[in-house]
Amino acid sequence: MHAAQILVNAVVLGCLYACIAIGFSLVWGVLNVINLIHGSFIVLGAYLAFGLYNSLHISPWYSVAVAAPLFFLLGYLLQRLLINRVITAPALVTLTLTFGLDLILNNAMIYFFKADYRKLTLTPSLGSVSIFDVVVPVDRLIATVSALVLTGLLYLLLRHSRVGRAIVAVRLDRDAAVLMGVNVKSIYAIAFGLGAALAGCAGVLMALIFPISPLTSSGYLGKAFVVCVLGGLGSVSGALAGGLLLALVEGIGSTFFGPAHATTLSFILLIIFLILRPQGLLGRKGFE
Amino acid sequence: MSKSWVARYVRLAVPLWAAVVAGGGLVSHASAEDVIRFGAPLPITGPLAPEAIKQQQGYDLWAEEANRSGGISVGGKKYKVEIVYVDYQSNTPRAVQATEQMITQGNVNFMFGAFGSGAAKAASTVSEKYKVPTLAATASSVQVYDQGYKYLFGTFTPNDTLTTPLTQIIKAKVPEVKKVAILARNDLFPLAIAQEMEKSAKANGFDLVYFEKYAIGTLDHSAALSQIKSLAPQWIFVTGYINDLLLVRKQMIDQEMKAPVVTMIAGPAYQEFIESGGPTAENITSASWWHPAARYEGKDIFGSTENFVKLFKAKYKSEPDYGQASAALCGALFQMAIEKAGSLDRDKVRDELAKLDVVTFFGPVRFGPNGQINSLDPPVFQIQGAKPVVLFPDAIKQGELKVGVN
């Protein structure tokens, strides 16, 4: 039963990791931008949920609907006004730009919200469900389902909508997409906006699970990075696969070698993937 | 082309030069006044920023109080207090550099230690070299004080003074507790506390069924907690900082873990833990070096614990915790030592610090031969009715231990 509990914990955690990473993967895959502001977007989303719940008693489930358009707009404008100006420059330039933007946003959050840790506690609490002695907390279960829904929606958007197909086209071959009449700058901004919206929604869901502070943003960013390398860049299902793999390694490693070694194991796995399968579990060669 | 570069250079250089000259003028003007400068290297940015803010609040409150009463009296003359802060960005080597810079270039008279045991130890090497008396507000590990240094003093008692009384209380009041599980953050202070707890538990005949460390920045504790749950310990002891402990507590609830006794160090000493934890914080036991519920009548500038708490609340609109109180105490102790020495001579002030034997708002203060305080009984407390209730020492006891954390 203990083994079943560890497995269930890992699957749920894997979906949370996927939720954290999916927007990051989209931006990296489509724009070839390592978006270092992603972790701070997640934290900002968590503060939004915290603020709406504590001041207006708006449940986090409704906050997702507020966060998605708000963060899309923020991401869209950021890309349109700033990142698009350096998008064709070497990767280091965009990396430095998003690093700088992250410093600004993170320090602004410390200034306005303070560095104190806060917690969104629902009253009454959602509790847990137990099946054959295997306990699953309801908030994590909801976040898991939401992660799957978001992943599914993004997949449908990319496959079956005009904008989605344009995003995929830009990702596959930027120059050919331009020749086909795709407005690449606009597509970049939409993709970045989608990435930001996904980060904001992830933040709202994470507010229910993790303590909230601007200092946690690097933790989210680190996980998103590892999940993307493991799962494959720009691949929607890759983020899910990478998240599950990472959580399984951490969960099983923690049980057998102690929790202190869980992070070390995940980074060993990352190095192995970088050497043997740089395109990740579900990524395609050429997009690593 | 070259002309435009020259023009740009002039446009930039002239205001910069003017700013430097104006700034220099200000500095020389300030140093001309009768001021005692205290250096405070703090991790104002980076992961330790919340702790630095707390320490800064303590120093600032003392400086404000000291200046409000006219300043520090040195041989009949009053000197204003000025605290010079340098941000070492949560990076210990930078704390060492900052300390050296403040002593050699910043003209500070005395130093406050860097945050925590690790950085305070590293930076103390520099202040010892220059023979600058240093008061460390947040260094508890004995290893900081066993270097044979003469100019370093600290206001936190050794780590075992937190765990030993707690173990004895649990042994006496809840005899059915036999099995103990310890989960520790793999970091200097939290791990040292966990190791002291391990010693203390074994010495008192408890059965230690689990002792594991978790990495700094761990986002999920479910695997470790599932393992602890399967071992059914009656006492779960977790160390870490507020974010770790809030997360562990949340995940304990998620996994429906219950135990007669749950102890967490060092989060519950902070008001944010009680506010953020809500009902889940109930009956959690903890220990810290000071508590606002203490009632000491002191001879320091704050006069009494009650008065210190009142002043702190008025300035910051929140309850002080042990970090803020210890920082304010360090300032108050310097003030007493300087006034007794009647001089700003570093050696004379150092000797007065070593001789101190005084009751303060923080409790009785006396330093051992190694410079670490040895006169305090750190309080053990439990969250009851969303408030911390002191269980030990008897002199400030407010209630009895409640068993059962659900």
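Being a predicted model, the structure only gives us computed values, none of them experimental.

Draft legend 1. Inspection of the overall build of chain B at higher detail. If you tally the helices and strands in chain B, you get 13 helices and 15 strands. In terms of overall size, chain B behaves like a compact globule, its C-alpha atoms giving a radius of gyration of 23 Å where 406 residues would be expected to give roughly 22 Å. On the principal axes, the C-alpha backbone points of chain B span a range of 75 × 65 × 40 Å. With 406 residues in all, chain B has 57% of them scored as buried. At a minimum sequence separation of 6, the contacts of chain B that also span at least 24 residues come to 68%. If you sum the accessible surface of chain B, you get close to 16200 Å²; carbon and sulfur atoms cover 54% of it. If you average the places of the 41 positive and of the 39 negative side-chain charges in chain B, the two averages end up 3 Å apart.

Draft legend 2. Layout of empty space enclosed by the protein. Following the criterion strictly, the structure yields 3 cavities of 30 Å³ or more and no others. Along its surface, the largest cavity is lined by Val8(A), Asn9(A), Val12(A), Val135(A), Val136(A), Pro137(A), Arg140(A), Ser222(B), Gln251(B), Asp254(B) and Gln255(B). Breaking the lining of the largest cavity down by element, the ones donating at least two residues are helix H1 (2-31) and strand E2 (134-137) of chain A together with helix H9 (242-254) of chain B. Each residue belonging to the lining of the largest cavity can be placed in one class, and the counts come to 5 nonpolar, 4 polar and 2 charged.

Draft legend 3. Summary view of the layout of surface pockets. Its boundaries defined by the atoms lining it, the second largest pocket holds a volume of some 530 Å³. Among the residues making up the lining of the second largest pocket, the classes are represented as 6 nonpolar, 9 polar and 10 charged.

Draft legend 4. Up close: the domain arrangement of chain B. All names here are of chain B. Its domain assignment divides chain B into domain 1 (34-157 + 293-366) and domain 2 (160-288 + 379-396). Between the C-alpha centres of domain 1 and domain 2 the distance comes to 30 Å. With 12 residues of domain 1 at the contact, the number on the domain 2 side is 12 residues. Around 1100 Å² of area is buried between domain 1 and domain 2 when both sides are counted, 61% of it from carbon and sulfur atoms.

Draft legend 5. Examining the nonpolar core more closely. By size, the foremost hydrophobic cluster in this structure holds 112 residues, and its most contacted members are Phe38(B), Trp62(B), Trp235(B) and Phe308(B). At 13 residues, the largest contribution of residues to this core is made by helix H12 (residues 322-341) of chain B. Each of domain 1 (34-157 + 293-366) and domain 2 (160-288 + 379-396) of chain B gives at least three residues to this core. Dropping the residues within four chain positions of it, Trp62(B) is found in contact with Phe38(B), Ile72(B), Val81(B), Ile83(B), Phe112(B), Ile301(B), Phe302(B), Ala328(B), Gly331(B), Ala332(B) and Gln335(B). Counting 87 residues, the second largest nonpolar core, distinct from the first, contains Ile22(A), Leu154(A), Phe192(A) and Val227(A).

Draft legend 6. Representation of the interface of chain B and chain A within the structure. Each side of the interface is counted separately: chain B has 31 residues, and chain A has 32 residues. The junction of chain B with chain A conceals about 2600 Å² of combined surface from both sides, 62% of it contributed by carbon and sulfur atoms. When the buried area of chain B at its contact with chain A is split by residue, Leu219(B), Lys250(B) and Asp254(B) rank highest and sum to 22% of it. Notably, a salt bridge pairs Asp220(B) with Arg140(A), separated by 2.7 Å at the nearest N-O pair. Along the contact surface separating chain B from chain A lie 8 residue pairs in polar contact (both at pLDDT 80 or more). Mapped by element, the contributors of at least two residues to the side of chain B that touches chain A are strand E8 (207-214), helix H8 (222-231), H9 and helix H10 (271-277) of chain B. The greatest single-element share of the side of chain B that touches chain A, amounting to 8 residues, is contributed by H9(B).

Draft legend 7. Spatial organisation of the packing of aromatic side chains. All names here are of chain B. Scanning all chains against the criterion turns up 34 aromatic pairs over all chains. With 4.0 Å between their ring centres and 5 degrees between their planes, Phe156 and Trp289 make a pair best called stacked. Of the two residues, Phe156 sits in the loop between strand E6 (152-154) and helix H6 (160-173) while Trp289 sits in the loop between strand E11 (285-287) and helix H11 (305-316), which places them 133 residues apart along the sequence. A centroid spacing of 5.8 Å and a plane angle of 10 degrees characterise the contact between Tyr270 and Tyr322, whose relative ring orientation is stacked. One end of the pair, Tyr270, is in the loop between strand E10 (261-265) and H10; the other, Tyr322, is in helix H12, with 52 residues separating them in the sequence. For the pair Tyr270 and Tyr322, one class covers both residues: buried. Cluster of aromatic residues (ring-pair linked, three or more members): Phe38, Tyr59, Trp62, Tyr85, Phe110, Phe112 and Phe334. Over the ring of Tyr270 we find Lys54; its NZ or CZ atom is 4.1 Å from the centre of that ring.

Draft legend 8. Representation of the pattern of salt bridges in the model. All names here are of chain B. Using the criterion set out here, one finds 23 salt bridges over all chains in the structure. Note that Lys54 and Glu272 form a salt bridge whose closest N and O atoms lie 3.5 Å from each other. Of the two residues, Lys54 is situated in helix H2 (residues 49-68) and Glu272 in helix H10; the sequence distance between them amounts to 218 residues. In this structure Lys54 comes out as buried when scored by relative accessible area, which is 8%. Measuring nitrogen to oxygen at the nearest pair gives 2.9 Å for the salt bridge that ties Arg68 to Glu65. Separated by 3 residues within a single helix, Arg68 and Glu65 lie in helix H2, roughly one turn from each other.

Thresholds, definitions, all that
Residues numbered from 1 in each chain as written. Chains lettered and ligands numbered in written order. Predicted model: local features only at pLDDT ≥ 70, side-chain atom pairs only at ≥ 80, totals over all residues. Heavy atoms only, no water. Helix = DSSP H or I, 4+ residues; strand = E, 2+ residues; numbered from the N terminus. Rg over C-alpha atoms; globule rule 2.2 N^0.38 Å. Buried < 20%, exposed > 50% of the residue type's maximum accessible area, 1.4 Å probe, protein only. Contact = heavy atoms within 4.5 Å. Areas by Shrake-Rupley, 256 points an atom, 1.4 Å probe, with all protein chains shown as cover. Lys, Arg positive; Asp, Glu negative; His and termini not counted. Charge placed at Lys NZ, Arg CZ, Asp CG, Glu CD. 1 Å grid on protein atoms, 1.4 Å probe; cavity = no way out; pocket = protein on both sides within 12 Å on 5 of 7 lines; lining within 4 Å. Points joined across faces, edges and corners; volume = space filled by probe spheres on them. Nonpolar A, V, L, I, M, F, W, Y, C, P; charged D, E, K, R; others polar. Domains from an automatic or database assignment. Buried area = accessible area lost by both parts, 1.4 Å probe. Core = buried A, V, L, I, M, F, W, Y, C linked by side-chain atoms within 4.5 Å. Salt bridge = Lys/Arg side-chain N within 4 Å of Asp/Glu carboxyl O. Polar contact = N/O pair within 3.5 Å; in protein donor to acceptor, adjacent residues only side chain to side chain. Phe/Tyr/Trp six-rings, centres within 6.5 Å; stacked < 30°, edge-to-face > 60°. Lys NZ or Arg CZ within 6 Å of the ring centre and 35° of its normal.

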